[in-house]
Structure formats: structure tokens, C-alpha cells
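# Survey of secondary and tertiary structure
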Amino acid sequence: MIDLHSHTTESDGTLTPAELLRLANSVGLKALAITDHDTFDGYNQAAQIGDSGLELVCGIELSTRFKDRSLHLLAYFVNNAPAEPFRNWIAHLQDGRHLRNQELIAKLQSMGVDITLEEVVQLGKKLPGRPHFAALLVQKKYAASIQNAFDKYLGESGICFVPRDEPSFEEAVIRILDAGGVPSLAHPSRISRDFRVIEQHVREMQGIGLRAIEVYHSDHSPTEISLYASLATTFSLAVTGGSDFHGKNKPHIALGTGQHGNIHIEFSVLEQLRRLA
């Protein structure tokens, strides 16, 4: 069993890289990809631990723009770590995240919400994001829950939403491929509940350079898994999958097995990615 989608405290997870490795071993994983948002720091720390008892995969999750909507793209570097030009580009994306945080704080404060960027940074450390804003809003009783914080303030329909300057899907795919990585569409169920829309999007994405699709995910029902597997076959895409584990930020999701045991990913999925890369 493997898990190719997980997050640490270096982005919006609640386990440190070392804690995540220990958990992965305790649940019997043979391979784990750390795919923090816009950073390799979690993977880098885990890689320095040495013999962790499982195969560690270098990955990252990126927010991109496709057809005027935000869409997540996973990148896997299964044979070689990404070179310096790609890492420099990631650093540029982090600058955009920090700028959005400043604008978001200003907008929240203008609406009478008494929080500071320093408080958010205490929660999010080097790379705070909207989940850390949401947690602080809950702590200060401006929201009843993380979801309520997004619905009321932070999400696209929230009163304080600030769009982020995200790279285009095409640019992200090209940069991943140039760096020797495999770009995979993350959780396709979040594109639309209409399978025909997803199919059309994937058709266009494959033409741009998409190489894989996340068939297995904690959000996906058995029917959806079957549908996304059919898309992989139709468009000659590799299959990826993972729990999208965030620790206490998503307590209903278990590392390796997803939501109520709805995923079980074989090692052959990683072997296929290696051949593709």
C-alpha cells in the first residue's frame, strides 16, 4: 500500500515531516509522497532523516488557473529531484502567496475582524495560507468551523476573498515536464459534478501535456474512481492516488486509506510513474 498525496506542517498539514514518516511506517505504507503546497521543504526535511523504512517520493501540489478557475496540479519527481530553475520558480510562487496573505489581512481588518498577520504566521510558520487564517478565525470565534470560515470570509463566495496570482495550467505543466517531473491532475471531482465537463477538461489538458490523473482520492466514490480510471485509459494517462492527508486539519482522512477506507493503492502505481518519468 502506498500514498502519493500528503501534507506536513511545511504547508497546511499538522504533522511534521518526521511525524508523518513515523505514521506512514505505523500504518504499513511502502511508499509515501510528500506533496506540500508550493514548497519542497517538507520533503527535504524528510529526506534528511535517512533510512525511514519506506520509499520517499518527491512531490508538490500547485494551484493553477484553467478556464478562469483555480485548479490543483500535482507534480512528481520520481527519478530525480527538480533542478534549480524549477525551485526558483517555486520560490516566485511563494512570493505571490505572501502578497495575497497581506491583502487578505487588510481586507479582514477592514471588515472589523481583529487578527494580524503575525498571528497567522505563528500557525502557518514559513508558508501560511488560508487554512491557517481559517483556524485563527475559529480560535477567535469569528467562525464556527474551518468550513464556516471559508464560506463566510475566505472562499470565493466569502466577503473577504482575495484571488491569488496563480500560474496558468499550461505554464505549470511545461515547467514540470522541463524539470523532469510528471504532472498529474489532482482530485478531478472538484472540477465539476458533471462527468462530461471533467472529460472535456481532461481532453484539453492532455493536449497541453498532462501525463497523469489522480484516480484514487479520499473524496472519490467507487463510481468516480471507475470513471476517472476510464479517463486515464481513454487519454493514455498514468494513474496516481493518495489520501490528501492533512492530519488534524482534515481529521476524517486517514493516511494510506482515505475516508472510511475508501482507497487502497498498490505499489504498481508508483512503478508505472517511474516508467513514465
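Each remark here, short or long, concerns the structure printed above.
Described below are features of the structure shown in this document.

Rules used in this analysis
Residues numbered from 1 in each chain as written. Predicted model: local features only at pLDDT ≥ 70, side-chain atom pairs only at ≥ 80, totals over all residues. Heavy atoms only, no water. Core = buried A, V, L, I, M, F, W, Y, C linked by side-chain atoms within 4.5 Å. Buried < 20%, exposed > 50% of the residue type's maximum accessible area, 1.4 Å probe, protein only. Helix = DSSP H or I, 4+ residues; strand = E, 2+ residues; numbered from the N terminus. Contact = heavy atoms within 4.5 Å. Phe/Tyr/Trp six-rings, centres within 6.5 Å; stacked < 30°, edge-to-face > 60°. Lys NZ or Arg CZ within 6 Å of the ring centre and 35° of its normal. Arc of directions from axis to C-beta. Pairing = 2+ DSSP bridges. Axes fitted to C-alpha atoms, helices over the stretch in contact; angles between N-to-C directions. Parallel < 35°, antiparallel > 145°, perpendicular 65-115°, else oblique. Left-handed = near helix turned anticlockwise from the far one by under 90°. Nonpolar A, V, L, I, M, F, W, Y, C, P; charged D, E, K, R; others polar.

## Focus on the nonpolar core
Counting 46 residues, the largest nonpolar core has Leu32 and Ile213 as its most contacted members. By residue number, the principal contributor to this core is strand S3 (residues 55-66), which donates five residues. With near-sequence residues (within four places) excluded, Leu32 lies in contact with Asp3, Ser6, Leu20, Leu21, Ala24, Leu54, Glu55, Leu56, Val57 and Leu255.

## Observations concerning the environment of Leu62
With respect to the element layout, Leu62 can be found in strand S3. Each C-alpha atom, one on Leu62 and one on Ile253, is 21 Å from the other, the two residues being 191 residues apart in sequence. Ignoring sequence-local partners within four residues, the contact set of Leu62 consists of Asp38, Leu71, His72, Leu73, Trp89, Ile90, Leu93 and Ile176.

## Focus: the packing of aromatic side chains
In this description, a pair of aromatic rings is defined by centroid distance and the angle of the planes. Inspection of every chain in the model, using the stated rule, returns five aromatic pairs. Among the aromatic side chains, those forming a connected cluster through ring pairs are Phe40, Phe77, Phe86 and Trp89. Directly above the aromatic system of Phe40 lies the positively charged group of Arg87, at a separation of 4.9 Å from the ring centroid.

## Side note on helix H5 (residues 130-139)
Taken residue by residue, H5 has His132, Phe133, Ala134, Leu136 and Leu137 as its buried positions. The inward-facing, buried residues of H5 abut helix H3 (84-110), helix H4 (117-124) and helix H6 (146-154). Within two residues after H5, Lys141 carries a phi angle of roughly 65°, on the positive side.

## Some details on unusual backbone geometry
Of note in this structure, Asp68 is not a glycine but carries a positive phi near 65°. Mapped onto the fold, Asp68 is located in the loop between S3 and strand S4 (69-77). At Asp244, a position not held by glycine, the phi torsion is positive, near 65°. If you trace the backbone, Asp244 turns up in the loop between strand S7 (238-242) and helix H10 (268-276).

## As for H10
Among all positions of H10, only Val269, Leu270 and Leu273 are buried. Each buried residue of H10 lies within a common arc of 95° when the element is viewed along its axis, so the set occupies one face. Summarising the contacts, the buried residues of H10 are in contact with strand S1 (2-3), strand S2 (31-34), S3, S4, strand S5 (182-185) and S7.

## Some words on the sheet that holds S5
Hydrogen bonds along the backbone pair up the strands of a sheet, which may run parallel or antiparallel. Read from one edge to the other, the open sheet built from seven strands follows the order S1-S2-S3-S4-S5-S6-S7, with strand pairing classed as mixed. The two strands at the open ends of the sheet, each matched to only one other strand, are S1 and S7. Here nine bridges tie S3 to S4, and the two strands are oriented antiparallel to one another. In the sheet register, Gly59 faces S4, and the bridge partner there is Tyr76. Contacting S1, S2, S3, S4, S5 and S7, H10 runs over the sheet at an angle of about 135° to S7.

## A few points about the packing of helix H8 (residues 195-208) against helix H9 (residues 222-234)
A pair of packed helices is captured by two measures, namely the crossing angle of their axes and the spacing between those axes. Interhelical geometry of H8 versus H9 gives an angle of 25° and a closest axis separation of 11 Å. By the angle between their axes, H8 is roughly parallel relative to H9. Of the two possible hands of crossing, H8 and H9 adopt the one that is right-handed. On the side of H8, the interface is formed by Phe195, Ile198, Glu199 and Val202, while H9 contributes Leu227, Tyr228, Ser230 and Leu231. Looking at side-chain class alone, the contact of H8 with H9 contains six nonpolar, one polar and one charged residues.

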